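Listed below are the residues making up each chain.
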Amino acid sequence: MDRLANTVRPYAWGSTTALPELLGTTPTGEPQAEMWMGAHPGAPSRIDRGAGPVSLAEVIDAAPEAELGADAVRAFGPRLPFLLKLLAAGSPLSLQVHPDRAQAEEGFADEERRGVPIGAGHRNYKDANHKPELIVALTPFDGLCGFRHPDRAADLLEGLGVDDLKPYVDILRATPEEDALREVLTAVLSAEHHAIAGTVERTAVAADQLAAKGGPHADAYAAYAVLAHHYPGDPGVLAAMLLNHVRLQPGEALFLGAGIPHAYLSGLGVELMANSDNVLRCGLTPKHVDVPELLKVVRFEAGDAGVLRPEDVDGEEVYETPIDEFRLSRFALAPGAAPHPLASRTPQILLCTAGTVQLRAADEESAAGLTLAPGESAFVPAGERIALSGDGTLFRATVVA
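Not measured: the values here are computed from a predicted model.

Cut-off values and rules
Residues numbered from 1 in each chain as written. Predicted model: local features only at pLDDT ≥ 70, side-chain atom pairs only at ≥ 80, totals over all residues. Heavy atoms only, no water. 1 Å grid on protein atoms, 1.4 Å probe; cavity = no way out; pocket = protein on both sides within 12 Å on 5 of 7 lines; lining within 4 Å. Points joined across faces, edges and corners; volume = space filled by probe spheres on them. Helix = DSSP H or I, 4+ residues; strand = E, 2+ residues; numbered from the N terminus. Nonpolar A, V, L, I, M, F, W, Y, C, P; charged D, E, K, R; others polar. Buried < 20%, exposed > 50% of the residue type's maximum accessible area, 1.4 Å probe, protein only. Pairing = 2+ DSSP bridges. Phe/Tyr/Trp six-rings, centres within 6.5 Å; stacked < 30°, edge-to-face > 60°. Polar contact = N/O pair within 3.5 Å; in protein donor to acceptor, adjacent residues only side chain to side chain. Axes fitted to C-alpha atoms, helices over the stretch in contact; angles between N-to-C directions. Parallel < 35°, antiparallel > 145°, perpendicular 65-115°, else oblique. Left-handed = near helix turned anticlockwise from the far one by under 90°. Contact = heavy atoms within 4.5 Å. Core = buried A, V, L, I, M, F, W, Y, C linked by side-chain atoms within 4.5 Å. Arc of directions from axis to C-beta.

Visitor: Please give an account of the layout of surface pockets that cites residues and values.
Guide: Estimated volume of the largest pocket: approximately 850 Å³. If you trace the largest pocket, you find 37 residues lining it, with Trp13, Ser94, Gln96, Arg281 and Lys287 closest to the centre. Secondary structure elements with two or more residues in the lining of the largest pocket: strand E3 (34–37), strand E6 (82–89), strand E12 (262–274) and strand E13 (280–283). With 5 residues, the single largest contributor to the lining of the largest pocket is E12. Per-class residue counts for the lining of the largest pocket are 17 nonpolar, 9 polar and 11 charged.

Visitor: Run through the pairing of strand E10 (residues 243–248), naming residues and quoting values.
Guide: When you tally the buried positions in E10, you get 5 out of 6 residues, the bulk of the element. Where strand E9 (residues 141–147) lies against E10, 5 bridges are found, and the strand directions are antiparallel. Across the sheet, residue glycine 143 finds its bridge partner in E10, namely valine 246.

Visitor: Pulling in residues and values, what's your account of the packing of aromatic side chains?
Guide: Throughout the structure, instances matching the rule amount to 3 aromatic pairs. Relative to tyrosine 264, the ring of phenylalanine 141 lies with its centre 5.5 Å away and its plane at 75 degrees, an arrangement referred to as edge-to-face. A residue pair is termed long-range when its members are at least 10 positions apart, and phenylalanine 141 in strand E9 and tyrosine 264 in strand E12 qualify at 123 residues. Ring plane angle 20 degrees and centroid distance 5.5 Å describe the contact between phenylalanine 147 and phenylalanine 300, whose orientation is recorded as stacked. One end of the pair, phenylalanine 147, is in strand E9; the other, phenylalanine 300, is in the loop between helix H12 (291–297) and strand E14 (311–313), and 153 residues separate them in sequence.

Visitor: Tell me about the environment of arginine 123, and please be specific about residues and values.
Guide: For arginine 123, the position within the fold is in the loop between helix H5 (101–113) and strand E8 (133–137). Of the residues examined, arginine 123 reaches a relative accessible area of 4% and is grouped as buried. Put simply, arginine 123 and leucine 68 are 55 residues apart on the chain and 31 Å apart in space, counted from C-alpha to C-alpha. Among the polar contacts listed, one links the side chain of arginine 123 to the side chain of glutamate 112, at a separation of 3.0 Å.

Visitor: Help me get a handle on the packing of helix H9 (residues 193–213) against helix H10 (residues 218–230), residues and values and all.
Guide: Put simply, H9 and H10 touch, their axes get as near as 8 Å, and they point 140 degrees apart. Relative to H10, the element H9 lies oblique. Handedness of the H9/H10 crossing: left-handed. Judged by residue contacts, Ala204, Ala207, Asp208, Leu210 and Ala211 of H9 engage Ala218, Tyr221, Ala222, Ala225 and Ala228 from H10.

Visitor: Just give me the short version of the pairing of strand E20 (residues 377–380), but keep the residues and values in it.
Guide: Side chains of E20 alternate between two faces, with Ser377 and Phe379 and Ala378 and Val380 buried alike. Both strand E1 (residues 2–3) and E20 contribute to a ladder of 2 bridges, which runs antiparallel. The partner of arginine 3 across the bridge, within E20, is alanine 378. Pairing analysis gives 4 bridges linking strand E18 (residues 348–361) to E20, with the strands arranged antiparallel. The partner of isoleucine 349 across the bridge, within E20, is phenylalanine 379.

Visitor: Any details on the nonpolar core? Residues and values, ideally.
Guide: One finds Leu160 and Leu172 to be the most contacted residues of the largest nonpolar core, which totals 54 residues. At 7 residues, H10 tops the list of elements feeding residues into this core. Non-local contacts of leucine 172, meaning those with residues more than four positions away in its chain, are made with Pro150, Asp151, Ala153, Ala154, Leu157, Ala180, Leu181, Val184 and Leu242. In this structure, Leu56, Leu68, Ala72 and Tyr319 belong to the second largest nonpolar core, which totals 37 residues.

Visitor: Lay out helix H7 (residues 166–174) in plain terms, naming residues and giving numbers.
Guide: Residues Tyr168, Val169, Ile171 and Leu172 constitute the buried set of H7. Considered in projection along H7, the buried side chains sweep an arc of 165 degrees and stay on one side of the axis. Projecting away from the buried face of H7 at angles above 90 degrees are the exposed residues Lys166 and Ala174. Of the surrounding elements, those touching the buried residues of H7 are helix H6 (150–158), helix H8 (177–190), H9 and helix H11 (236–240).

Visitor: I'd like to hear about the environment of glycine 267, residue by residue, with values.
Guide: Tracing the backbone shows glycine 267 in strand E12. For glycine 267, a relative accessible area of 15% corresponds to the buried category. Each C-alpha atom, one on glycine 267 and one on leucine 248, is 9.2 Å from the other, the two residues being 19 residues apart in sequence. Excluding residues that lie within four positions of it along the chain, glycine 267 makes contacts with Leu87, Ala88, Ala89, Thr139, Pro140 and Phe141.

Rendered as C-alpha cells:
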C-alpha cells in the first residue's frame, strides 16, 4: 500500500476554510476547492516506494495489470477508471450536465475531426468518456439536482410575482412534461442578454424578500437569491429554478448520471467520478455555454433529487450506483473492534475523513502499515490484502469488475 501525496486545486468557488479544517492546516486566505486522489493527468497523486516521489499515473502506466489487476484492465483499459476528490464549495459551482458514453465518443470525435484545440475555451468534449459522479456530504451540503415536476416549477416561479416569468409559468402548466422543460430551458438560455439580465435581477429581489418571510419555498428562494448574488444577470439563475433544491445531511449522497442537470452550492463532501473532464455548462459561469449541444445531452425528465443513503454489507456501508467504473463505501471504525479485513482483485483508494485509521497487511500483524489522519489517503494495488482498525471514518473507492 502507498501513502498518497495529493494536489489541492484553488478554484475560485472553493472554501477558504473547509479543507484546512479537515486537514488540520492553516488557512492561506485563498480558496481551496478540491483535493484530487488518483491518476488523472491534470493532477495525479504521487507515491514514494523508496526511490523518491513519482506520479501514480506513471506507476500504473509502467505495470497496469500489477497495479490495477487483470479484471480492471480487461474492463476499463490500462488506467485507473475513477477519480476521488474532497470537494469544498464556498460558493456555487456552474450549472452543468455530463454526456453519456455514446454522446462523448461522438462529440469528441467530431471536435477532433474539426480540429478544435483540446484546450480551447469553446471545446465541449475533452475526452471520449462519460462522467457519472457521486457526492457524499461530510457537512450539510446544498445542491441542485434534476428537474422539478413542471407544475412544481410553475408554482415556484409564479410565487415570485414577477411578470416577466409568466410566459414560462404558462408553458410549464399547459405543455407536456418533456416539451415544457425543454421549451423553458431553451427560452431562458437563448434569450437576449439585456432582457434576461433584467428578469434575473427582478427575480433575485423577489426571491430574497420571500426567503426572509419564510414559507414552503423559503429555502429554495434563499438558494436562488445566493446564486443571483454570485452571478448577477446570469440566465442560469432562472434555469436553476427548474431544478430540485436539495440539502444533504452528513452521510447522504447524490448520484449524477448522464444528462442530469446539477450544481453544487455549498458544503464539504467526498466526490467520486469516472475519469473524464466532459462538462457542458447551462449557466452560472463566465465560461462557454453551447446551448444547441447542451440540449442534445440534457434528459428532460422530472423527478425527485434521489438522495442516497448507504446500505450495510457486512460492516461496509455501500453507496449503490448503476455503473461499474467506481464503487464507494464507508467504514465507521470503533476502538477495540477486531480489524476489518479488506481484499480486492481491483485497485483501491482509501481516504480517512475523521479520527485515525490504521492499515496493515492482513497476513503480517507485525508490519508497520500506515496510519491515516483526516484528509490522508492511500493507494492499495489490486490483490493486496489489508486490515482496517482504529477510531475513525474511512471511505473506500474501487471499481466493479
